[in-house]
Amino acid sequence: MWACRLLHAGLSAAPRGRRAQSALTQLRGVLEEELEAIRGAGTWKSERVITSRQGPRIHVDGVSGGILNFCANNYLGLSSHPEVIQAGLQALEEFGAGLSSTRFICGTQSIHKDLEAKIARFHQREDAILYPSCFDANAGLFEALLTPQDAVLSDELNHASIIDGIRLCKAHKYRYRHLDMADLEAKLQEAQKHRLRLVATDGAFSMDGDIAPLQEICHLASRYGALVFVDECHATGFLGATGRGTDELLGVTDQVTIINSTLGKALGGASGGYTTGPEPLVSLLRQRARPYLFSNSLPPAVAGCASKALDLLMESNAIVQSMAAKTQRLGHRSWITCPAGVGVNAPQPPGYL
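Residues numbered from 1 in each chain as written. Predicted model: local features only at pLDDT ≥ 70, side-chain atom pairs only at ≥ 80, totals over all residues. Heavy atoms only, no water.

## Thoughts on the packing of helix α4 (residues 110-123) against helix α12 (residues 300-315)
So the rule is basically this: Geometry is summarised by axes, namely lines fitted to C-alpha atoms with helices restricted to the contacting stretch, and by angles between N-to-C directions that run from 0 to 180 degrees. Helix and strand definitions here come from DSSP, where helices need a minimum of 4 consecutive H or I residues and strands a minimum of 2 consecutive E residues; each element is numbered from the N-terminal end. For classification purposes, angles smaller than 35 degrees are called roughly parallel, those larger than 145 roughly antiparallel, those between 65 and 115 roughly perpendicular, and all remaining angles oblique. Handedness of a helix crossing follows the sense of rotation of the near helix relative to the far helix, less than a right angle counterclockwise being left-handed and clockwise being right-handed. Should any heavy atoms of two residues lie within 4.5 Å, those residues are considered in contact. Three residue categories are used. Nonpolar comprises Ala, Val, Leu, Ile, Met, Phe, Trp, Tyr, Cys and Pro, charged comprises Asp, Glu, Lys and Arg, and polar comprises the others, including Gly.
It is at 10 Å that the axes of α4 and α12 come closest, and there the two elements cross at 30°. On the basis of the axis angle, α4 is roughly parallel to α12. The handedness of the crossing between α4 and α12 is left-handed. Residue-level contacts link Ile111, Leu115, Lys118, Ile119 and Phe122 of α4 to Pro300, Ala303, Gly304, Ala306, Ser307, Leu310, Asp311, Leu313 and Met314 of α12. Class assignment for the residues of the contact of α4 with α12 results in ten nonpolar, two polar and two charged.

## Details of empty space enclosed by the protein
As a reminder, the rule being used: Buried and open spaces are told apart on a 1 Å grid over the protein atoms alone, a cavity being a set of points where a 1.4 Å probe fits but cannot get out and a pocket being an open set with protein on both sides within 12 Å along at least five of seven lines. Residues with an atom within 4 Å of a point are the lining residues. Grid points are joined across faces, edges and corners, and a volume is the space filled by probe spheres set on the points.
What the rule picks out here adds up to two cavities of 30 Å³ or more. Of the voids in this model, the largest cavity is the one considered here, and its volume is about 70 Å³. As for the largest cavity, its lining consists of Arg103, Leu130, Tyr131, Pro132, Pro291, Tyr292, Ser295, Asn296, Ser297 and Leu298. Put simply, the parts of the chain that give the lining of the largest cavity at least two residues each are β3 (127-131) and α11 (290-293). Of the residues belonging to the lining of the largest cavity, the class tally is six nonpolar, three polar and one charged.

## Examining the environment of Ile58
For the record, the criterion: In this scheme, a residue with accessible area under 20% of its type's maximum is buried, one over 50% is exposed, and one in between is partly exposed, where area comes from a 1.4 Å probe on protein chains only.
Here Ile58 is to be found in strand β1 (residues 57-58). Using a relative accessible area of 5% as the deciding quantity, one classes Ile58 as buried. Spatially, the C-alpha atom of Ile58 lies 6.6 Å from that of Asn69, the residues being eleven residues apart in sequence.

## Let's talk about the packing of helix α7 (residues 181-190) against helix α8 (residues 214-223)
Packing of α7 against α8 leaves a shortest axis separation of 11 Å and a crossing angle of 20°. If you check the angle between α7 and α8, you find them roughly parallel. In this structure, α7 crosses over α8, and the sense of that crossing is right-handed. Between α7 and α8, the contacting residues are Met181, Leu184, Glu185 and Leu188 on the first element and Glu216, Ile217, Leu220 and Arg223 on the second. The residue inventory of the contact of α7 with α8, partitioned by class, reads five nonpolar, no polar and three charged.

## Observations concerning a nonpolar patch on the surface
This is how it is decided: Only residues whose relative accessible area exceeds 30% and that take part in no salt bridge are eligible for patches, with like-charged residues grouped when within 9 Å of each other and nonpolar side chains (Val, Leu, Ile, Met, Phe, Trp, Tyr) grouped when within 5 Å. Per-residue accessibility takes into account occlusion by the displayed protein chains alone, with areas from the Shrake-Rupley method and a 1.4 Å probe. We define a salt bridge as a contact between a side-chain nitrogen of Lys or Arg and a carboxyl oxygen of Asp or Glu at a distance within 4 Å.
Taken together, the side chains of Leu24, Leu27 and Leu31 make up a nonpolar region of the molecular surface, amounting to roughly 240 Å² of accessible area. Looking at where Leu24 falls in the secondary structure, it is placed in helix α1 (residues 2-40). For Leu24, a relative accessible area of 35% gives the class partly exposed.

Worth remembering: the numbers are spatial, not functional.
Right under this line is the structure:
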């Protein structure tokens, strides 16, 4: 009897197996078409394998000798700074490799709280919250903050993470032409019927090197009762006299409500992102931001490296001024158009390079 049941099960499973195989074959065909379309469009992205530390001079697999690196976001040269590395090693030794937990269950250590407080002090804001990346910070902010009663007004060339974050929220969405203040004003006038109005912009647009006209944006926001959000990933650490970002550069620090930025570029280059702003907003994000609630805590070594990078910036503006001098020496039009690498490295100990 049992043999008959096994035989019947085997026979009935065979068609399901063939259907599953057919579905997999169909999937492979669809994927190959997509991949071939990417190649045909000339947008295929290949990964160069670096066999050394990140820095102005690197070694790449398949290339003999060292090469100069102009394409990293290692704006201040801190990714391999000896003090930053030592801080990461110390944090690894003291706090372990990771938490194996989200923050609210059992994943918050003193090193996380200390870093959040340091970020808030650096940006002269009330509080800050850490994420695994700034992509996550942007994914968490808009959905948690904005409701169908609200509106968000976004520059058309904002980073993909801002665009994706806005897509997740239920607020009314307005897109204004890139850096076009007349169009932003028209959209703000149209959005007056909503409860909250949030203007969202990159501080520095990394692809073209544009700096957002924050003075004009903040003026319009004040006139029409709107809040201002700035993504500072390509500004934190090196724009402004002390590296606080575009709001410092343009003198509107007290007029920008919310800043999102990254630890994965100028501030050590490992990973991690954050939101900093009013304390009630940060408290709300701890309760509702899904990337924060459902992601593991930032590894202690990463937090340690970022904390030391901030220490170096807050102790002296020599690193920021060094980058500014090298940018001028290279003759670029603006701060941000200077690519990371040889032109933007911080002063290092003798023999470091």
